[in-house]
Number of protein chains: 2
Amino acid sequence: MAEAKGNGVAEASEFRALDEKSLLDYIKATPAISSVLGNRLEGLSIKEVGDGNLNFVYIVVGDGGSVVIKQALPYVRCIGESWPMTKERAYFETITLKEHGRLCPEHVPEVYHADRKMSLIAMRYLKPPHIILRKGLIAGVKYPLLADHISDYVAKTLYHTSLLHLSTTEHKKRVAEYCGNVEMCRLTEQVIFSDPYQISSYNRWTSPYLDSDAEAVRSDNILKLEIAELKSMFCEKSQALIHGDLHTGSIMVTSDSTQVIDPEFAFYGPMGFDIGAFLGNLFLAFFAKDGHACEEQERHEYKRWLLGTIEDTWNLFEKKFITLWKEDGSGDAYLPGVYNNSDVQLLVRKKYMKDLFHDSLGFGAAKMIRRIVGVAHVEDLESIQDTATRAACEKRALLFAKMLMKDRRNFQSISQVVAAAEEQRA
Amino acid sequence: MAEAKGNGVAEASEFRALDEKSLLDYIKATPAISSVLGNRLEGLSIKEVGDGNLNFVYIVVGDGGSVVIKQALPYVRCIGESWPMTKERAYFETITLKEHGRLCPEHVPEVYHADRKMSLIAMRYLKPPHIILRKGLIAGVKYPLLADHISDYVAKTLYHTSLLHLSTTEHKKRVAEYCGNVEMCRLTEQVIFSDPYQISSYNRWTSPYLDSDAEAVRSDNILKLEIAELKSMFCEKSQALIHGDLHTGSIMVTSDSTQVIDPEFAFYGPMGFDIGAFLGNLFLAFFAKDGHACEEQERHEYKRWLLGTIEDTWNLFEKKFITLWKEDGSGDAYLPGVYNNSDVQLLVRKKYMKDLFHDSLGFGAAKMIRRIVGVAHVEDLESIQDTATRAACEKRALLFAKMLMKDRRNFQSISQVVAAAEEQRA
């Protein structure tokens, strides 16, 4: 500790993993953090709460305020040093929090301080009753503003980082910078676009119930054709600055607040990947609901709320996105001199939104499949105690997702998709 | 001159525009160039021959050998300092010549020396009888090896810089670097994807004959929908390292040699842009042929040769590209663990080639349209002296290109496209 004292930020120019003690010294030497916490730094409460798979997360409370401090280590926390992972992800998380926060401050926590060498971010502490959305969904809590808030976040962040708003000069500059986050993209490529479709020691599923279903995914040539197209979009299409991991575990909520966190997978990729992540995870919550002990009427109502939220999210997103486009449209994609009449404007917008809708359904389906037969599962399903019941829920979700990936281009509206989910049988 | 002497390469670390005199000093101070030329440097012949729109090009001949030296100035040569253009294009031309040359040395001239600060490249002089392919086509010369050679060049360069061969790590690193060539991409965006479809002072066409045709392009909403899709692919899809300007003026030929030059527009973009550029320019040569004085039987035969070359180029490209894929396939796009049976391999290859075919037709059509109603025309048509005759040729080419852009997805094979060109009436 002594050697840290007085060196502060300068010393922080070399990476070292912090613990609760050394973090205190770091905070004392960093006015951008300490100024948020108040005057009596000796009385700070520091608590490590990282329950995710990757990082260390500290809640720091002082007499004048609180912060969350997140540090990325150069490996996957829950596995250890045997699975290395670039700590540069904290840098990309930082610049994305700042950029998305600038575009949508209502739904992105403020960054107080960031330290690239230390892979560290200090940001607003989302106080209780904020909880992870996924946990709220499992508990059966309804969030009446969720669709409105998330559609706001995706519409604003995706629109303003696309060529509908940016010049190609600005766009290519940003694309180039985010190419640096390739290691995180590669992790996604592996766990979402590859492993579920091949033999991999990381894959797992509810055995023996889903043995033949997992095998069916691995031998479905049409599904492989579709996942190839989605993967190529993920690797090659620099459409907008996407969050890159927008599932219900990356969102914190109360009844009137919705905050998007953890954009460490961010890069310039296809917009549909973010929208699909959110919708796909709501569908998982929907299919999981039947496995949770619950009064029948309540279950029915909650499932209706989930499906309604899915519908509202897409419909509100589409409306808000088009409104932004109509009010601005200053980017290089559709020059006003070319798209100079309302007929052609309608035509290109319809085409754009239709393609984005189908991309979103495809990526949403991919996100569902990987949560059932891939490495990382979701608590919505995992928390179903009875194995046979869980397997039945998973089977319906998987069948729905496979159908959705293959037939996505046949859906004209989100209500048709929701109707198909309701009708899905095992 | 005196201040240059003795400083050589060191002095060359700051940009200065060379002339024939200062170039001699530069050569003397640069062993990588002088060693190619022989011993008696005082007797060098230096001749400025740049007939393109952009750069200064010197042919330098010594007693032991020859080189071409190309210098980019920070503006468009044929217009002057009023149209600035990044001289960094010489750097991207250099690294592309080297990379494409590594992948296909038979059809790319060797780079002896490059100087980024001076925007200068010294490369193999393609001696007579090498001429620009476009001039050979106008003269009615047949090049029996052209389709074989160009299909070789595009198959090798595109395949090996795509995710069929590269890891996503390597791919993203290269994509990031080429984002730096954005100014050249922006020029393409303007002259190919925007200006022909809007009022622009740069546009020109054979007036008054094509007045209504130019107007029809500017008010064709369906065409605008299609060019939007192609433009978005150009701006967002990092598929492979493309040449970026592969028309018949960027190729030098003899009866047995085919050399691709001038890749200053290179970046990671859609493969179809290169293939389409070449095919589209052959179609322009085909439609121009009727305007050139020529014996009827000879004209007929030459048009047949052009169409045969178009067919052969695509068909050979497809065959060679698939062969490379089958023999290698080491990239991250289609992992062998996933694409593990011949049925699925056939399926994904068919899909890939079909999409690439339709992309190529779309970009080819865009290249044709811009040469008839945009800023830069082609000598094939411009050299037709009689205005009415030229206009008739241009009209047929334009109608064909518009049809091709709109209906490209309905073509199953290149022979169907060629048949449509033959049947095109004004």
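Quick caveat, the model's predicted, so the values are computed rather than measured.

Student: I'd love a proper account of the overall build of chain A, names of residues and values included.
Tutor: Looking only at helices and strands, chain A has 16 helices and 12 strands in total. With respect to the three principal axes, the spread of C-alpha positions in chain A is 65 × 60 × 40 Å. Among the 426 residues that make up chain A, the fraction classed as buried is 62%. Sequence-distant contacts in chain A: of pairs separated by 6 or more residues, those separated by 24 or more amount to 74%.

Student: Go over the packing of aromatic side chains, please, and point to the residues and values.
Tutor: Given two aromatic rings, their pairing is described by the distance between the two centres and the angle made by the two planes. Taken as a whole, this structure holds 44 aromatic pairs over all chains when the rule is applied. Arranged with centres 5.2 Å apart and planes meeting at 40°, the rings of A:Phe193 and A:Phe234 form a pair that is tilted. Taken as a pair, A:Phe193 in helix H8 (residues 182–194) and A:Phe234 in helix H10 (residues 221–236) lie far apart in primary sequence, 41 residues in all. Of the two residues, A:Phe193 and A:Phe234, neither departs from the other in class, the shared state being buried. Ring pairs connect the aromatic residues A:Tyr159, A:Trp314, A:Phe317, A:Phe321, A:Trp325, A:Tyr334, A:Tyr339, A:Tyr352 and A:Phe357, which therefore count as one cluster. Sitting over the ring of B:Tyr91, B:Arg116 keeps its end group 3.5 Å from the ring centre.

Student: I'd like to hear about the sheet that holds strand S1 (residues 45–48) of chain A, residue by residue, with values.
Tutor: Residues and elements named next belong to chain A. Read from one edge of the open sheet, 5 strands run S1-S2-S3-S7-S6, paired in antiparallel fashion. Each edge of the sheet is formed by a strand with only one pairing partner; in this case those strands are S1 and strand S6 (111–115). Pairs of neighbouring strands in the sheet enclose a mean axial angle of 15°, with direction left out of account. Across 5 bridges, the pairing between strand S3 (residues 66–72) and strand S7 (residues 120–124) is antiparallel. Looking across to S7, one finds that Ile69 is bridged to Ala122. Running at roughly 30° to S7, helix H4 (residues 89–103) makes contact with strand S2 (55–61), S3, S6 and S7 of the sheet.

Student: Describe the relation of the copies chain B and chain A, naming the residues involved and giving the relevant values.
Tutor: With an RMSD of 0.0 Å, chain B superimposes on chain A once it is rotated by 180° and translated 0.0 Å along the axis. The transformation relating the two chain copies, once decomposed into turn and shift, fits a two-fold axis. Rotation axis and chain B: the residue whose C-alpha lies nearest the axis is B:Ala176, separated from it by 2.0 Å. Here 100% of the interface residues in chain B have copies in chain A that are interface residues too; the copies meet face to matching face.

Student: So what about the packing of helix H11 (residues 272–289) of chain A against helix H13 (residues 342–373) of chain A? Which residues, and what values?
Tutor: Helix-helix packing: each pair is described by the crossing angle between the helix axes and the interaxial distance. All names here are of chain A. Between H11 and H13, the shortest axis-to-axis distance is 7 Å and the interhelical angle comes to 50°. In terms of orientation, H11 lies oblique with respect to H13. Here H11 and H13 pass one another in a crossing that is right-handed. Each of Gly272, Phe273, Ile275, Gly276, Ala277, Gly280, Asn281, Phe283, Leu284 and Phe287 in H11 lies in contact with H13, whose residues at this interface are Leu356, Asp359, Ser360, Phe363, Gly364, Lys367, Met368, Arg371 and Ile372. Broken down by class, the residue content of the contact of H11 with H13 amounts to 10 nonpolar, 6 polar and 3 charged.

Student: Got a sec to walk through the domain arrangement of chain A? Specific residues and values, please.
Tutor: All names here are of chain A. Taken domain by domain, chain A comprises domain 1 (20–123) and domain 2 (131–423). Averaged C-alpha coordinates put domain 1 and domain 2 at centres separated by 27 Å. Taken together, the 23 residues of domain 1 in the interface contact 29 residues of domain 2. Between domain 1 and domain 2 lies a buried interface of about 2,300 Å² when both sides are counted; carbon and sulfur atoms form 62% of it. Of all residues in domain 1, the largest losses of buried area upon contact with domain 2 belong to Phe92, His100 and His107, amounting jointly to 29% of the total for that side. Across the contact surface, domain 1 and domain 2 share 4 salt bridges. Applying the counting criterion to the domain 1 and domain 2 interface returns 13 residue pairs in polar contact (both at pLDDT 80 or more). Counting residues per element, the side of domain 1 that touches domain 2 draws most heavily on H4, which supplies 11 residues. When grouped by side-chain class, the residues that make up the side of domain 1 that touches domain 2 number 11 nonpolar, 5 polar and 7 charged.

Student: With reference to specific residues and values, describe the pairing of S3(A).
Tutor: Residue and element names in this part refer to chain A. Counting buried positions along S3 yields 7 of 7 residues, so the element is predominantly enclosed. Burial along S3 is two-sided: Ser66, Val68, Lys70 and Ala72 facing one way and Val67, Ile69 and Gln71 facing the other are all buried. Pairing analysis gives 7 bridges linking S2 to S3, with the strands arranged antiparallel. Paired with Val61 across the bridge in S3 is Ser66. What sits between S2 and S3 in their antiparallel hairpin is a turn of 4 residues.

Student: Describe in detail H13(A), supporting the description with residues and values.
Tutor: Residues and elements named next belong to chain A. With 32 residues, H13 should reach 46 Å at 1.5 Å per residue; the first-to-last C-alpha distance of 47 Å fits that figure. The element H13 is extensively covered by neighbouring structure, given that 23 of its 32 residues are classed as buried. At the N-terminal boundary of H13, the capping side chain belongs to Asn341, with an oxygen 3.2 Å from the backbone nitrogen of Asp343.

Student: How would you summarise the state of the cysteines if you had to cite specific residues and measurements?
Tutor: Residue and element names in this part refer to chain B. Within this structure, the stated rule accounts for 0 disulfides over all chains. The structure places no disulfide on Cys294, whose sulfur is separated from the nearest cysteine sulfur, that of Cys393, by 12 Å. On the basis of relative accessible area, Cys294 is assigned to the partly exposed category, the value being 23%. With relative accessibility at 4%, the residue Cys393 sits in the buried group.

Student: Please set out the confidence of the model for chain A residue by residue, giving values where relevant.
Tutor: Residues and elements named next belong to chain A. Mean pLDDT over chain A works out to 94, with 96% of the residues at or above the 70 mark. Element-level pLDDT for chain A is lowest in helix H1 (residues 8–11), with a mean of 34, against a maximum mean of 99 in strand S9 (residues 240–242). Every residue in residues 1–12 is under pLDDT 50, and counting partners more than four places away or in other chains gives 13 contacts. Interface predicted TM-score (ipTM) for the complex: 0.95; the corresponding pTM is 0.96.

Student: Hey, could you go over the environment of B:Lys231 for me, with residue numbers and the actual values?
Tutor: With respect to the helices and strands, B:Lys231 occurs in helix H10 (residues 221–236). As a C-alpha pair, B:Lys231 and B:Phe363 span 132 residues in sequence and 9.1 Å in three-dimensional space. Every residue in contact with B:Lys231, bar those within four places of it in the chain, is listed here: A:Asp332, A:Ala333, A:Leu335, B:Glu189, B:Phe193 and B:Ser194.

Student: Talk me through the pattern of salt bridges; I want residue IDs and the actual numbers.
Tutor: Any two side chains of opposite charge can pair if their charged atoms end up close together. Under the defined criterion, the tally for this structure stands at 64 salt bridges over all chains. Of the charged contacts in the structure, one is a salt bridge between A:Arg204 and A:Glu382, with a shortest N-O distance of 3.6 Å. Here the residue A:Arg204 occupies a position in the loop between H8 and helix H9 (211–218), and A:Glu382 occupies one in helix H14 (residues 379–382), the gap between them amounting to 178 residues. Accessibility expressed as a relative area gives 39% for A:Arg204, which makes it partly exposed. Sharing partners across several salt bridges, the network here consists of A:Glu226, A:Glu229, A:Arg408, A:Arg409, B:Lys351 and B:Asp355.

Student: Describe the nonpolar core, with residues and values.
Tutor: By size, the foremost hydrophobic cluster in this structure holds 241 residues, and its most contacted members are A:Phe321 and B:Phe321. The contacts of A:Phe321, once residues within four sequence positions are left out, are A:Ala155, A:Leu158, A:Tyr159, A:Leu164, A:Met271, A:Tyr352 and A:Met353. Ranked by size, the runner-up nonpolar core spans 20 residues in total, among them A:Leu23, A:Ile27, A:Ile33 and A:Leu44.

Student: I'd love a proper account of the interface of chain B and chain A, names of residues and values included.
Tutor: Contacts between chain B and chain A engage 43 residues on the former and 43 residues on the latter. In total, about 3,800 Å² of surface goes out of reach between chain B and chain A, with carbon and sulfur atoms giving 57% of it. Where chain B meets chain A, there are 4 salt bridges. For A:Asp332, the salt bridge goes to B:Arg186, with nearest N and O atoms at 2.7 Å. Our count for the chain B to chain A interface comes out at 22 residue pairs in polar contact (both at pLDDT 80 or more). Contributions of two or more residues to the side of chain B that touches chain A are made by helix H7 (168–178), helix H8 (182–194), H10 and helix H13 (342–373) of chain B. A total of 10 residues in the side of chain B that touches chain A trace back to one element, the largest contributor, which is H10(B). Split by residue class, the side of chain B that touches chain A holds 21 nonpolar, 11 polar and 11 charged.

Rules used throughout
- Residues numbered from 1 in each chain as written.
- Chains lettered and ligands numbered in written order.
- Predicted model: local features only at pLDDT ≥ 70, side-chain atom pairs only at ≥ 80, totals over all residues.
- Heavy atoms only, no water.
- Helix = DSSP H or I, 4+ residues; strand = E, 2+ residues; numbered from the N terminus.
- Buried < 20%, exposed > 50% of the residue type's maximum accessible area, 1.4 Å probe, protein only.
- Contact = heavy atoms within 4.5 Å.
- Phe/Tyr/Trp six-rings, centres within 6.5 Å; stacked < 30°, edge-to-face > 60°.
- Lys NZ or Arg CZ within 6 Å of the ring centre and 35° of its normal.
- Pairing = 2+ DSSP bridges.
- Axes fitted to C-alpha atoms, helices over the stretch in contact; angles between N-to-C directions.
- Least-squares fit on C-alpha atoms with pLDDT ≥ 70 in both.
- Parallel < 35°, antiparallel > 145°, perpendicular 65-115°, else oblique.
- Left-handed = near helix turned anticlockwise from the far one by under 90°.
- Nonpolar A, V, L, I, M, F, W, Y, C, P; charged D, E, K, R; others polar.
- Domains from an automatic or database assignment.
- Buried area = accessible area lost by both parts, 1.4 Å probe.
- Salt bridge = Lys/Arg side-chain N within 4 Å of Asp/Glu carboxyl O.
- Polar contact = N/O pair within 3.5 Å; in protein donor to acceptor, adjacent residues only side chain to side chain.
- Expected span 1.5 Å × (residues − 1).
- Disulfide = S-S within 2.5 Å.
- pLDDT = per-residue confidence, 0-100.
- Core = buried A, V, L, I, M, F, W, Y, C linked by side-chain atoms within 4.5 Å.

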